[in-house]
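# An overview of the molecular structure
In case you want the letters, here they are:
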Amino acid sequence: MGNEQARELPATTVAQGGSVGGARPPGTVRRPLRARADAFWNVLTSRPVSLYATSVLRIGYGSLYLVFLLREFPHRHEIWGPGSPWTPTLAAQLFDQTGWYSVLILSDSRAYFELCYALAVMTSALFMLGWRTRAMSVLFAVVVTSFHARAIFMTDGGDNLILLMALYLVLTACGRRWSLDARRERIKTTRAGGVPVRARSLVARELRAARRTVVTVVHNCGVFVIAAQVCFLYGSAGLYKVQGSFWGDGTALHYVLNLELFQPWPTLSHAMDQYPIVIAAVGYLTVLTQVAFPFVLFGRLKYPVLVMLLSMHAGIAVLLGLPLFSGAMLIADAVFLPDRFYAFLPHLLRRGTRRGGVRTPRQGTGLGCVPVQGGHPDGPEEYRPVSRPASGRGGQAPSGPTGTR
Amino acid sequence: MRKREQSGSGPLSGEGHDDADPPATMAIGPRVLRTGLHSAVGLCLVVALVHVAVVFLAVAPSNSFSRRYGQQINAWVYPLFEQNWRLFAPNPDSFNRQILARTARTAPDGSMRVSPWLDLTAVDRAAVKHHVFPSHTAQNLLRRAWSSYVDTHGADDTARSERAAMMQTYLSNVAVDRVTGHDKGRRFDFIQLRVVTRPVAAPGARVVNRPPTPVENRLLPWWKVTVHGK
């Protein structure tokens, strides 16, 4: 998300501000503050930002939770089932004290639990695929909340982050790209042959426009909250570590590598432990990266930092046996990559496959296909100028370079 | 200003200027709609900003603001927006815990039969070893059951709060399940836990093959086993 869009903003504002200004009596002088407020309003209401990034989050967390549920299949009764050591009675008692809730304690029957588990698997899969995304996102949030609350004493930071993201993703329009919904819209548009005009009353159109604006604003606020949350996560994780003596003297990773429950490959851990200089350097780098994270997001420096975080989490996943935790963190980082990065990815892949001698069609209707840049696959009427909320402020659909790049 | 710009730009009135009079029947609808829209947008913004501010205060160290509004902050953040980013911070654990369990049952002649110790942590370690994706049941279940028990009990094994009693039941259930899972035929009436805490040697210390001397060897009281769940 973020700066890429922010940077392209002035162009949009100028374009739109220009047309609005043209309609205004020449004597009116805009105060800079007002202009700024208008520009802000424009960013907020005209266009959902980071549609690709939120879709990546949807795919990421949907698939991560699916993998998690399936991985724990043999242990599902022990973790969430009625026979868990954290008994339904204990869970209900805790919910009374804390105000938590979980649909899993509605019944102690084993069949009910199996049904919930199956529904959770299905919900995660459909959410990942982006089928009826908004409804699925709500269900997914309910599933994650319920399963998290039921096994609250078995969770770690990774589960915590998945829970937060499942809740925040409800706010976003995370099904507009790389989803079954997007595919359906594209097919519908193709069938309609580009003449999707339907006669509607003025009020109906106004209502639709208003609804769209609200959806956009809620989405943008959601993306902002997600971004802020990730910044707080890294910032606080880094600043907490700064207070620790082991991180200060560079020996923290030595202790981490010697925790027996986080040693899936003891030989590897012990081998790493033989290089105190490396241990110290990586430890310092970890803290620096985490503390720096919120501050580098607004410049080019974020790319190397993201790459460093990627390798750090890859290391955690393998060395400490925490792939769920690392996966959750990595997917969260994806929110900071701009849409043009994601839009460019398929081109890159296509070029790669073409070079490899595999011929792929230029345009497909498959899931992995990216919509034509410059157009919006969000439904034909979505960006018709006719139904924009206001003449000076609506999303300029074919605004070409500023709209999509 | 915003409103003025919008008024009259009823979508079909083209590049509607302020002088383009909307039809009389439409006059109220759009205005109400616009007001509603503006309030909705404002509300979204305010909620987003407040949420971010509260989350910040929740992760920030205790300060005068969070002390004064601690209750409100907790009410907002818990349970859904809990912030828990202290993995390996401020310091990673510098010890390994080994949790062992043994059981006892009354024999027909009235005497007590006590089983040998079963190393529950070793079972977890074996489940983690050489596994790409270790289960939460191996990495978190026993570990967090014990840490929650210690959090609520301290060094004393008497449950002094409702939560402490709950954690004791939980820990006991975990141990019972583990022992039963390990030896299906075993019947027992009591269970006892022993927790051995061994420090991780400081870096550079000579590596010895035998495990380091425990810093703590905590023997818990015998607990009567209650059947749960199943």
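Residues numbered from 1 in each chain as written. Chains lettered and ligands numbered in written order. Predicted model: local features only at pLDDT ≥ 70, side-chain atom pairs only at ≥ 80, totals over all residues.

## As for the overall build of chain B
- Of the regular secondary structure elements, chain B holds 7 helices and 6 strands.
- Burial status across chain B gives 26% buried among its 230 residues.
- When contacts within chain B are restricted to residue pairs at least 6 apart in sequence, long-range pairs at least 24 apart make up 48% of them. (Helix = DSSP H or I, 4+ residues; strand = E, 2+ residues; numbered from the N terminus. Buried ≥ 20, exposed ≤ 12 C-beta atoms within 10 Å, placed from the backbone. Contact = placed C-beta atoms within 7 Å.)

## Overview of the overall build of chain A
- A count of helices and strands for chain A gives 18 helices and 0 strands.
- Taking all 405 residues of chain A together, 46% fall into the buried category.
- In chain A, 77% of the contacts between residues at least 6 apart in sequence involve partners at least 24 apart.

## With respect to the domain arrangement of chain A
Residue and element names in this part refer to chain A.
- For chain A, the assigned domains read domain 1 (51-169) and domain 2 (231-336).
- For domain 1 and domain 2, the distance between their C-alpha centroids amounts to 27 Å.
- On the side of domain 2, 10 residues touch domain 1, which itself brings 13 residues to the contact.
- Secondary structure elements with two or more residues in the side of domain 1 that touches domain 2: α3 (51-71) and α8 (157-169).
- Of all the elements, α3 adds the most residues to the side of domain 1 that touches domain 2, at 7 residues.
- A per-class count over the side of domain 1 that touches domain 2 returns 9 nonpolar, 3 polar and 1 charged. (Domains from an automatic or database assignment. Nonpolar A, V, L, I, M, F, W, Y, C, P; charged D, E, K, R; others polar.)

## Here's the deal with the interface of chain A and chain B
- In this assembly, 80 residues from chain A lie in contact with 73 residues from chain B.
- The set of elements that each furnish at least two residues to the side of chain A that touches chain B consists of α2 (32-46), α4 (76-79), α5 (88-98), α8, α10 (202-242), α11 (245-248) and α12 (252-257) of chain A.
- Tallying contributions element by element places α10(A) first for the side of chain A that touches chain B, with 22 residues.
- Tallied by class, the residues present in the side of chain A that touches chain B amount to 44 nonpolar, 26 polar and 10 charged.

## Examining the nonpolar core
- With 121 residues, the main nonpolar core has A:Leu57, A:Ile162 and A:Met165 as its most contacted residues.
- Considering each element in turn, this core owes the most residues, 13 residues, to α10(A). (Core = buried A, V, L, I, M, F, W, Y, C linked by C-beta atoms within 7 Å.)

## A closer look at unusual backbone geometry
- In this structure, the amide linkage connecting B:Tyr78 to the following residue, B:Pro79, adopts the cis form with an omega of 0°.
- With respect to the helices, strands and loops of the structure, B:Pro79 is situated in the loop between α4 (70-77) and β1 (95-106).
- Geometrically, the link from B:Ala89 to B:Pro90 is a cis peptide bond, its omega value of -5° lying close to zero.
- One can find B:Pro90 in the loop between α4 and β1.
- Of note, the phi angle at A:Arg132 is positive, near 50°, even though the residue is not glycine.
- Checked against the element boundaries, A:Arg132 lands in the loop between α6 (110-129) and α7 (133-150).
- A:Arg132 sits in the partly exposed class, given 16 other C-beta atoms within 10 Å.

## Quick word on the packing of α5(A) against helix α7 (residues 162-182) of chain B
- One way to put it is that α5(A) packs onto α7(B) with a least axis distance of 11 Å and a crossing angle of 155°. Relative to α7(B), the element α5(A) is oriented roughly antiparallel. The way α5(A) lies across α7(B) gives a crossing that is left-handed. When α5(A) is examined against α7(B), the residues A:Leu90, A:Gln93 and A:Leu94 are found in contact with a partner set consisting of B:Met166, B:Thr169 and B:Tyr170.
- Considering only residue class, the contact of α5(A) with α7(B) consists of 4 nonpolar, 2 polar and no charged. (Axes fitted to C-alpha atoms, helices over the stretch in contact; angles between N-to-C directions. Parallel < 35°, antiparallel > 145°, perpendicular 65-115°, else oblique. Left-handed = near helix turned anticlockwise from the far one by under 90°.)

## A few points about the confidence of the model for chain A
Residues and elements named next belong to chain A.
- Residues of chain A with pLDDT of at least 70 account for 79%, and the chain-wide mean is 82.
- Segment residues 1-27: pLDDT under 50, and 37 contacts once partners within four positions in sequence are set aside and those in other chains are kept.
- Low confidence marks residues 358-405, where pLDDT is under 50. Its contacts with residues over four positions away, or in another chain, come to 84 contacts. (pLDDT = per-residue confidence, 0-100.)

## Topic: the packing of α8(A) against α10(A)
Residues and elements named next belong to chain A.
- Two elements in contact, α8 and α10, have axes separated by 9 Å at closest approach and are oriented at 165°. Taken together, the axes of α8 and α10 lie roughly antiparallel to each other. For α8 against α10, the interelement crossing comes out right-handed. On α10, the residues that touch Leu164, Met165 and Tyr168 of α8 are Gly222, Val225, Ile226 and Gln229.
- When its residues are assigned to classes, the contact of α8 with α10 shows 5 nonpolar, 2 polar and no charged.

## A word on the pairing of β1(B)
Residue and element names in this part refer to chain B.
- With 10 bridges connecting them, β1 and strand β4 (residues 190-199) associate as antiparallel partners. Its bridge partner being in β4, Ile99 is matched across the sheet by Val195.
- Judged from the 2 bridges that link them, β1 and strand β3 (residues 118-119) form a sheet pairing that is antiparallel. For Leu100, the partnering residue across the bridge sits in β3 and is Asp119.
- Bridge analysis of β1 against strand β2 (residues 112-114) gives 3 bridges, and the strand direction is antiparallel. In the strand pairing of β2, Thr106 is matched with Met112. (Pairing = 2+ DSSP bridges.)

## Some words on the environment of A:Leu202
Residues and elements named next belong to chain A.
- Along the chain, the position of Leu202 falls in helix α10.
- By the C-beta count within 10 Å, which is 17 here, Leu202 ends up partly exposed.
- Along the chain, Leu202 and Tyr284 lie 82 residues apart, while their C-alpha atoms are 61 Å from each other.

## Regarding the environment of A:Tyr61
- Inspection of the secondary structure assignment puts A:Tyr61 in helix α3.
- With 41 residues separating them along the chain, A:Tyr61 and A:Ser102 place their C-alpha atoms 20 Å apart.

## Re α2(A)
All names here are of chain A.
- Given a rise of 1.5 Å per residue, 15 residues ought to cover 21 Å, and the 20 Å separating the end C-alpha atoms of α2 matches this to within 8%.
- Of all the positions in α2, only Asp38, Asn42, Thr45 and Ser46 are classed as buried. Buried residues of α2, seen end-on, are gathered within an arc of 95° and therefore sit on one face of the element. In this structure, α2 carries Pro32, Leu33 and Arg36 as exposed residues pointing more than 90 degrees from its buried face. (Expected span 1.5 Å × (residues − 1). Arc of directions from axis to C-beta.)

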